[in-house]
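Inside the fold
The chain contents come next:
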Amino acid sequence: MRKISAHTIIDVVAKLCIKANTELRPDILGVLKRSFRCEPAGRAKRVLGVLIQNAAIAKREGIALCQDTGIACVYLEIGQDVRITGGSLEKAVNDGVRIGYRRGYFRNSVVDPISRKNTGTNTPAIIHTRLVKGDKVRITVVPKGFGCENKNALRLFHPTADLEDIRQFIVDVVAQAGPDACPPYIVGVGIGGTFEKAAALSKEALLKTVASPSTVLGMVRGVVSSSNHRQSPVAGPVSRLEKELLKEINKLNIGPQGLGGKTTALAVHVLTYPTHIAGLPVAVSIGCHAMRSATRVI
Amino acid sequence: MKKIFLPLDYNQVKKLKAGDEVLLSGELYTARDQAHKRLVDLLKKGRPLPVDLRGAVLYYCGPTAARPGRIIGSCGPTTSSRMDAFTPALLEAGAAAMIGKGCRSPEVIQAIRKYGAVYFIAAGGAGAYLSTKVKKATVAGFTDLGPEAVYRLEVKDFPVMVGVDAKGRSIY
């Protein structure tokens, strides 16, 4: 049994909050730069240029990429041979978020849902835990902004629905988001499971590394490991669906900042899970171009 | 690129066309969801407002806090459509322009035409970049709202695009 102190969790969560909010994920920065090269001279290219500049300023100055520093979603994969000592794990995560947001001078955006009173600490976090083999703890912090969160959707299809219906639904959700949710988007899709499982999968799909063209043919390892859902084998039906969706979405001509262009989505990631004979839940999560996350393994 | 010095005068507004890229210099007031709700409530009750709306440029923004030695934190636009229900009343009260991101409702577009106002869009998710255009920031009202308070921002060459012009033409 390996012991990990709650203090270590606090410290790591605080640092991850700061990293995620000030340093754009290298995979996303990479794909933004690629899109910048692909767009012809014009508005779309200029917007992408500003976003790349924004990432550089945020990193250099240590300020938030976006003023919506989000509600902190914290994914914990806890090795079953780990014991947390010196306090509760949940409290440690929330303390880490509180400290990280204060040190980073980030916005406290968390309020009571009824009174709308701000909690003043950006807590509580949304915590997802999963027990896995081993003696390590893998922590991923995802500051989730609500410009794009507000555009998410879930639909419970009949089991006899065609793949075409599902595809249309997903494209429609992106079309509905239109220029509002800071395109170009990362689109996360969860297909199967139950109501909440599909939603959770669509969120986890946003954490998968956005492939650069050279690695598209290799296996793409997710930021969140996929021990309890199927990792799509490349060139299988799921990766085919991802490619088709990306192509269709990029025909919407929403473009960077909604001003038109070839780049409406930077990536589409689909995760699946077995479901019930009577149904087919499909969830879509929209991630903005500043889709943020940071991970560390203790 | 066209430079505009605030406050806006109506002759300038008339000349702007959807899609024009302009650099704004002068005074903006931030206001997002809760501030909008309160402003419209106060207007309905005929009570005084914390800021003079006549000629004001409202910026849909809730900035992050300023690090020591900095003027402001990250300060990009938030989604405009959430303000749609409140916008016609604020334009009627004299607001001249808004800055945000994304689409507006037909009612807002109609009000923009009616009052000869203008809706600008700024780059969403580029709050660090936009913070470099802010020269001064002070709280102007609704202090208790924290990040949702109304701030008076002094900006220089703040880059925006005309989203909806005074004739009601939209970029989207």
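Reading the values: the criteria
- Residues numbered from 1 in each chain as written.
- Chains lettered and ligands numbered in written order.
- Predicted model: local features only at pLDDT ≥ 70, side-chain atom pairs only at ≥ 80, totals over all residues.
- Heavy atoms only, no water.
- Helix = DSSP H or I, 4+ residues; strand = E, 2+ residues; numbered from the N terminus.
- Rg over C-alpha atoms; globule rule 2.2 N^0.38 Å.
- Buried < 20%, exposed > 50% of the residue type's maximum accessible area, 1.4 Å probe, protein only.
- Contact = heavy atoms within 4.5 Å.
- Lys, Arg positive; Asp, Glu negative; His and termini not counted.
- Charge placed at Lys NZ, Arg CZ, Asp CG, Glu CD.
- Core = buried A, V, L, I, M, F, W, Y, C linked by side-chain atoms within 4.5 Å.
- Phe/Tyr/Trp six-rings, centres within 6.5 Å; stacked < 30°, edge-to-face > 60°.
- Salt bridge = Lys/Arg side-chain N within 4 Å of Asp/Glu carboxyl O.
- pLDDT = per-residue confidence, 0-100.
- Pairing = 2+ DSSP bridges.
- Axes fitted to C-alpha atoms, helices over the stretch in contact; angles between N-to-C directions.

Across its full length, chain A carries eight helices and 10 strands. In terms of overall dimensions, chain A is globule-like: its C-alpha atoms have a radius of gyration of 19 Å, near the 19 Å expected for 298 residues. When its C-alpha atoms are laid out on the principal axes, chain A stretches across 55 × 50 × 45 Å. For chain A, buried positions account for 55% of its 298 residues. Counting only contacts in chain A whose residues sit at least 6 apart along the sequence, the fraction spanning at least 24 positions is 80%. Here chain A contributes 41 positively and 23 negatively charged side chains, and the mean placements of these two sets differ by 6 Å.

Further remarks concern the nonpolar core. Residue and element names in this part refer to chain B. Formed by 88 residues in total, the largest nonpolar core has its most connected members in Leu8, Leu24, Ile99, Phe120 and Phe158. Broken down by element, this core gets its largest block of residues, nine residues, from strand E7 (residues 150-164). What Leu24 contacts, discounting residues up to four positions off in sequence, is Ile4, Leu6, Ile99, Phe120, Val155, Lys156, Asp157, Phe158 and Val160.

A few words on the packing of aromatic side chains. Throughout the structure, instances matching the rule amount to three aromatic pairs over all chains. A ring pair is formed by Phe157(A) and Phe169(A), whose centres lie 5.6 Å apart and whose planes are at 75 degrees; its orientation type is edge-to-face. With a gap of 12 residues between them, Phe157(A) in strand E6 (residues 153-157) and Phe169(A) in helix H6 (residues 163-177) connect regions that are remote in the sequence. Geometrically, the ring pair formed by Tyr59(B) and Phe158(B) is edge-to-face, given 5.4 Å between the ring centres and 75 degrees between the ring planes.

All names here are of chain A. Within this structure, the stated rule accounts for 28 salt bridges over all chains. Here Arg98 makes a salt bridge to Asp95, at a shortest N to O gap of 3.2 Å. Of this pair, Arg98 and Asp95 both sit in helix H4 (residues 89-103), three residues apart, which is roughly one turn of the helix. Since its relative accessible area comes to 30%, Arg98 is described here as partly exposed. Here Lys144 ties to Glu149 by a salt bridge, and the two come within 3.2 Å at their closest N and O atoms.

Looking now at the confidence of the model for chain B. Of all residues in chain B, 100% attain a pLDDT of 70 or more, and the chain-wide mean is 96. At the level of chain-chain contacts, confidence expressed as ipTM amounts to 0.93, with global pTM at 0.92.

All names here are of chain A. The mixed open sheet is built from four strands, whose spatial order is E6-E9-E7-E8. The sheet terminates laterally at E6 and strand E8 (265-273), the two strands that pair on one side only. Each adjacent strand pair in this sheet contributes to an overall mean axis angle of 15 degrees, direction not counted. Pairing geometry for strand E7 (residues 185-192) and E8, over eight bridges, is parallel. The residue of E8 that forms the bridge with Ile186 is Ala267. Packed on one face of the sheet, helix H7 (residues 195-205) meets E6, E7, E8 and strand E9 (280-287) and runs near 150 degrees to E7. Across the sheet, helix H8 (residues 237-250) is in contact with E7 and E8; its angle to E8 comes to roughly 145 degrees.

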